[in-house]
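# Structure assessment
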Amino acid sequence: MAGGAAAARDATASAVALHDVSIAFRLAGGGTYTAVAGASLAVADGEFVAIVGPTGCGKSTLLNIAAGLMAPSAGRVDIFGASLGTLNRQAGYLFQADALFPWKTALQNVAIGLETAGTPSDDARSQAQTWLTRVGLGSFADRYPHMLSGGQRKRVGLAQVLIRDPKILLMDEPFGPLDAQTRQIMGNLLLDLWSADRKAVLFVTHDLEEAIALSDRVVIMSAGPAARVIGDWKVPLARPRDIGEIKLDNAFHELHRDIWHMLKAEVIKGYAQTEGA
Amino acid sequence: MPRMRLILLQGLVAVIAIALWYVLSTYPVFGHVLLPPFFFSTPVDVASQIIDWFATGVIWKHLWVTLEESILAFVLGSIGGVVVGFWFARQPRTAAVLDPYVKMANALPRVVLAPIFTLWLGLGIWSKVALGITLVFFIVFFNVYQGVKEVSPTVLANARMLGMSERQLMRHVYWPSALSWMFSSLHTSVGFAVVGAVVGEYLGAAAGLGYLIQQAEGVFDVAGVFAGMFVLAAFVIVIDTIVSAIEKRLLVWRPATNDARP
């Protein structure tokens, strides 16, 4: 067993590596729509990478492929050096839309990820309570999702994913529906939790500021169809960071200006396409 | 509106209706009694008939029979609806093949089946239970089918990412979703179970509220018919109240605004 695990987790291999991934959808009319064409991307273990791109560039689809929820039409996905065939068991996924089980309380929602793995119910529940406290919802254990605010639901979602201690964290515009202040608080919470054990993170967003403030690397995608990776920027900002304060930093501004210069053209292109459609 | 005032106003409606009924069926207006007691009875006769039924205790047997038939129809119809609903939702091919037959069976007015059930199952409770089942089954079936099919794709993807096996998906995702749809139609399906029982009794039985009404009608005892209707109405209200209480307990997780879901 130990040998197998070692082979599956090659220390030098990237946590997530997409090689020339293409995604094509069959259209109802008969043709095909190529959403992503030949995208390559690698996330090292412990690295926080943000993908930024205009609306409809297929960045969420790319995340689904890394999660194993979808298979690419062409190309290969490697997880810690091993080719991904089915569901990515080493990844946790935080969705953009509400993904909590509405019929379970906050505590049950968090505990379920352990229970499915065979952890005894009592143990799972006490760990879930610890995680709820960690995301600041210790006294909300008995609430059902509809009794929680949008930000609180995201906190529960974060605890639900992190309690399983995944090696890779996939996040699809997780704070998209939240208001600006809540986003900032959630971003700091995420960085706090992440700094504890530095998982590999692939964070999809359309918000460039959020991307720079959170990540080690910002990857820019072009507008679809046939979107691909067109830019890859290191974020040389020191950690630990405070998302509110880092936005006042000069280095932040320069980076933002440079990346935005590139992104702007793609956003206009993407916007023109959705308008034309 | 304050609760007390609401109850008072609700009571007032009944008082006015009964008073009108009493006056129009007892005193002539311009030489005519507008509601001849032969066709409309009078509140006094109806009340004394109801009191008589309860005083002598005859009514309990009939109430019990109707209740028993309704419960059996509801439970058996629901089990069938849940099983078939799940089966269809998880096996789209089976569902597609059998779809026209399900639609056909559902379109059939169930009353026409009553004589056949009586022929097959006799005059006892089972012919009424069978009629009730045919009504309850389709409501539960359609709701469970919808509930399993309309699980949010995000919730489903999340469940998969959280490591759920097919069996765990069934238990933690499909089943609660289906149940929530089923419970939201609880009032309708319980109501139809009672309808099945009463209609079945009415068409041929030896006991039950429907039988009571049918017997009274057979001898032009309009007071008896009305008394039976009032007892039946009270019976349905009691059951509906119980169902509401159960529903409230089972669907605590559901936001109140979604209560109107069909």
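Residues numbered from 1 in each chain as written. Chains lettered and ligands numbered in written order. Predicted model: local features only at pLDDT ≥ 70, side-chain atom pairs only at ≥ 80, totals over all residues.

### Details of the interface of chain B and chain A
- Counting residues at the interface gives 16 residues for chain B and 19 residues for chain A.
- Residue assignment for the side of chain B that touches chain A shows that the elements contributing at least two residues are α8 (153–161) and α9 (166–184) of chain B.
- Ranked by residue count, the leading element in the side of chain B that touches chain A is α8(B), at 6 residues.
- Split into classes, the residues belonging to the side of chain B that touches chain A amount to 9 nonpolar, 6 polar and 1 charged. (Contact = placed C-beta atoms within 7 Å. Helix = DSSP H or I, 4+ residues; strand = E, 2+ residues; numbered from the N terminus. Nonpolar A, V, L, I, M, F, W, Y, C, P; charged D, E, K, R; others polar.)

### Section: the nonpolar core
- In this structure, Val16(A), Ala66(A), Val110(A), Leu170(A), Leu202(A) and Val136(B) are the most contacted members of the largest nonpolar core, which totals 134 residues.
- Among the elements that line this core, the one with the most residues is helix α7 (residues 125–149) of chain B, at 15 residues.
- Sequence-distant contacts of Ala66(A), that is, excluding residues within four places in its chain, are made with Val16(A), Leu18(A), Val77(A), Asn88(A), Ala91(A), Leu170(A) and Leu202(A). (Core = buried A, V, L, I, M, F, W, Y, C linked by C-beta atoms within 7 Å. Buried ≥ 20, exposed ≤ 12 C-beta atoms within 10 Å, placed from the backbone.)

### What about the packing of helix α10 (residues 186–203) of chain B against helix α12 (residues 222–250) of chain B?
All names here are of chain B.
- Closest axis-to-axis distance for the α10/α12 pair is 10 Å, and the angle between their directions is 150°. Here α10 lies roughly antiparallel to α12, going by the angle between them. α10 and α12 meet at a crossing whose hand is right-handed. Contacts from Leu186, His187, Val190, Val194 and Val198 of α10 reach α12 at Leu232, Val236, Ile239, Asp240, Val243 and Glu247. (Axes fitted to C-alpha atoms, helices over the stretch in contact; angles between N-to-C directions. Parallel < 35°, antiparallel > 145°, perpendicular 65-115°, else oblique. Left-handed = near helix turned anticlockwise from the far one by under 90°.)

### Side note on the domain arrangement of chain B
All names here are of chain B.
- Here chain B is partitioned into domain 1 (1–40) and domain 2 (41–260).
- Computed from C-alpha atoms alone, the centre-to-centre distance between domain 1 and domain 2 is 32 Å.
- Contact residues are listed per partner, giving 9 residues for domain 1 and 4 residues for domain 2.
- Contributing elements (two or more residues each) for the side of domain 1 that touches domain 2: α1 (3–26) and α2 (37–40).
- Here the side of domain 1 that touches domain 2 takes 5 residues from α1, the largest share from any one element.
- Here the residues of the side of domain 1 that touches domain 2 are counted per class, giving 7 nonpolar, 2 polar and no charged. (Domains from an automatic or database assignment.)

### Notes on the sheet that holds strand β2 (residues 32–43) of chain A
Residues and elements named next belong to chain A.
- With antiparallel pairing, the 4 strands of this open sheet are ordered in space as β2-β1-β4-β5. Each edge of the open sheet carries a strand with a single partner, namely β2 and β5 (82–83).
- Where helix α2 (residues 59–67) meets the sheet, it contacts β1 (16–26), β2 and β4 (74–79), and its direction lies at approximately 120° from that of β1. (Pairing = 2+ DSSP bridges.)

### Structural notes on the pairing of β2(A)
All names here are of chain A.
- Examined bridge by bridge, β1 and β2 share 8 bridges and lie antiparallel to one another. Residue pairing in the sheet places Val21 in a bridge with Ala39 of β2.
- In sequence, β1 turns back onto β2 through a hairpin of 5 residues, with Gly30 there showing a positive phi of about 125°.

### Brief notes about the sheet that holds strand β7 (residues 168–172) of chain A
Residues and elements named next belong to chain A.
- Ordered in space as β6-β7-β8-β3-β9-β10, the 6 strands form an open sheet in which the pairing is mixed. On the outer flanks of this sheet lie β6 (91–94) and β10 (229–234), each paired with one strand and no other. Averaged over neighbouring strand pairs, the angle between their axes works out to 15° when direction is ignored.
- Note that β6 and β7 share 4 bridges and pair parallel. Residue pairing across strands places Gly92 opposite Leu169, the latter belonging to β7.
- On top of the sheet, helix α5 (residues 150–162) reaches β6 and β7; it is set at about 170° to β6, its chief contact.

### Observations concerning α8(B)
- Regarding α8(B), the residues found buried are Asn158(B), Ala159(B) and Met161(B). Looking straight down α8(B), one finds its buried side chains confined to an arc of 160°; they lie on one side.
- Check the buried side of α8(B) and you find it contacts α2 and β6 of chain A together with α9 of chain B.
- Looking one or two residues past α8(B), Gly163(B) carries a phi angle of roughly 90°, positive in sign. (Arc of directions from axis to C-beta.)

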